[in-house]
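# Tertiary structure, described
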Amino acid sequence: MTTVIMRTTARVIVPIVLVVAISLFIEGHNLPGGGFIGGVLTTTAFAIIYMAFGLDFLERGILGRDVDPGKEPSRDRVVVAYRRLFAYGFAIAVASGLAPLLYDQPFLSQTFVILEGIPIYDHLEVASALAFDFGVYCVVVGGLLTILSVVGAE
């Protein structure tokens, strides 16, 4: 059982960590960061949620699955969801690397579009490398959460 202080702190810290993770993910193709560090920070937010509220909350509140009130949630279902995220991320990263080959460009070539008038950023350069970063993000989140779930079961 966690304390009220831990739960209250988690409610304050997790949104801040997720906003920083999204910011680093979006800016990562031009600056240090990107999919890897965004994924690590997202995993940290999930770990804080797990420590503060438990696996039952994680499965019902975050993953949107029905859990019997008297029954302990199955770690296998959570691990399968994380492994699936890992596999999808890997597929996205590989596909984004191979896509330029369809246009007679070298592997992992990129192009970009500049979006003007974005509220927070004013202008934002969206590169095709963002798809690769998203794949890396999903691989990191899926892999680290799988490890945390399996080790947490020990």
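Thresholds, definitions, all that
- Residues numbered from 1 in each chain as written.
- Predicted model: local features only at pLDDT ≥ 70, side-chain atom pairs only at ≥ 80, totals over all residues.
- Heavy atoms only, no water.
- Helix = DSSP H or I, 4+ residues; strand = E, 2+ residues; numbered from the N terminus.
- Contact = heavy atoms within 4.5 Å.
- Areas by Shrake-Rupley, 256 points an atom, 1.4 Å probe, with all protein chains shown as cover.
- UniProt positions renumbered as here; feature names shortened; annotations may be inferred.
- Phe/Tyr/Trp six-rings, centres within 6.5 Å; stacked < 30°, edge-to-face > 60°.
- Buried < 20%, exposed > 50% of the residue type's maximum accessible area, 1.4 Å probe, protein only.
- 1 Å grid on protein atoms, 1.4 Å probe; cavity = no way out; pocket = protein on both sides within 12 Å on 5 of 7 lines; lining within 4 Å.
- Points joined across faces, edges and corners; volume = space filled by probe spheres on them.
- Nonpolar A, V, L, I, M, F, W, Y, C, P; charged D, E, K, R; others polar.
- Expected span 1.5 Å × (residues − 1).
- Bend = angle between axes of the 7 residues up to and from the residue.

A count of helical and extended segments in the chain gives 4 helices and 2 strands. Ordered by position from N to C terminus, the α and β elements of the chain give α-α-α-β-β-α. A sequence separation of at least 24 residues applies to 58% of the contacts in the chain between residues at least 6 apart. Of the roughly 9700 Å² of accessible surface on the chain, 69% is carried by carbon and sulfur atoms.

This chain's UniProt record puts "transmembrane region" (unreviewed entry) on residues 12–29, 35–55, 85–103 and 134–153. The distance from the first to the last C-alpha atom of residues 85–103 is 28 Å, and the span holds 74% helix and 0% strand.

What the rule picks out here adds up to 3 aromatic pairs. Summarising the aromatic geometry, the rings of F25 and Y137 are spaced 5.4 Å apart at their centres and angled 50° between planes, so their arrangement reads as tilted. Of this pair, F25 sits in helix α1 (residues 4–27) while Y137 sits in helix α4 (residues 129–153), placing them 112 residues apart in sequence. An identical accessibility class is assigned to F25 and Y137; each is buried. Pairing F134 with Y137 gives two aromatic rings, centres 6.4 Å apart and planes at 15°, and the pair type is stacked. Of this pair, F134 and Y137 both sit in helix α4, separated by 3 residues, roughly a single helical turn. An aromatic cluster is built from F25, F134 and Y137, whose rings are joined through pairwise contacts.

Attention shifts here to the layout of surface pockets. Reported here for the largest pocket is a volume of approximately 160 Å³. Around the largest pocket sit S96, A99, P100, Y103, Q105, S109, Q110, T111, S128 and A131, which together line it. Grouping the amino acids of the lining of the largest pocket by side-chain chemistry returns 4 nonpolar, 6 polar and no charged.

With 24 residues, α1 should reach 34 Å at 1.5 Å per residue; the first-to-last C-alpha distance of 35 Å fits that figure. Maximal helix bending in α1 amounts to about 25°, located at R11; proline P15 follows within four positions. Every buried residue of α1 is accounted for by A10, V14, V17, A21 and F25.

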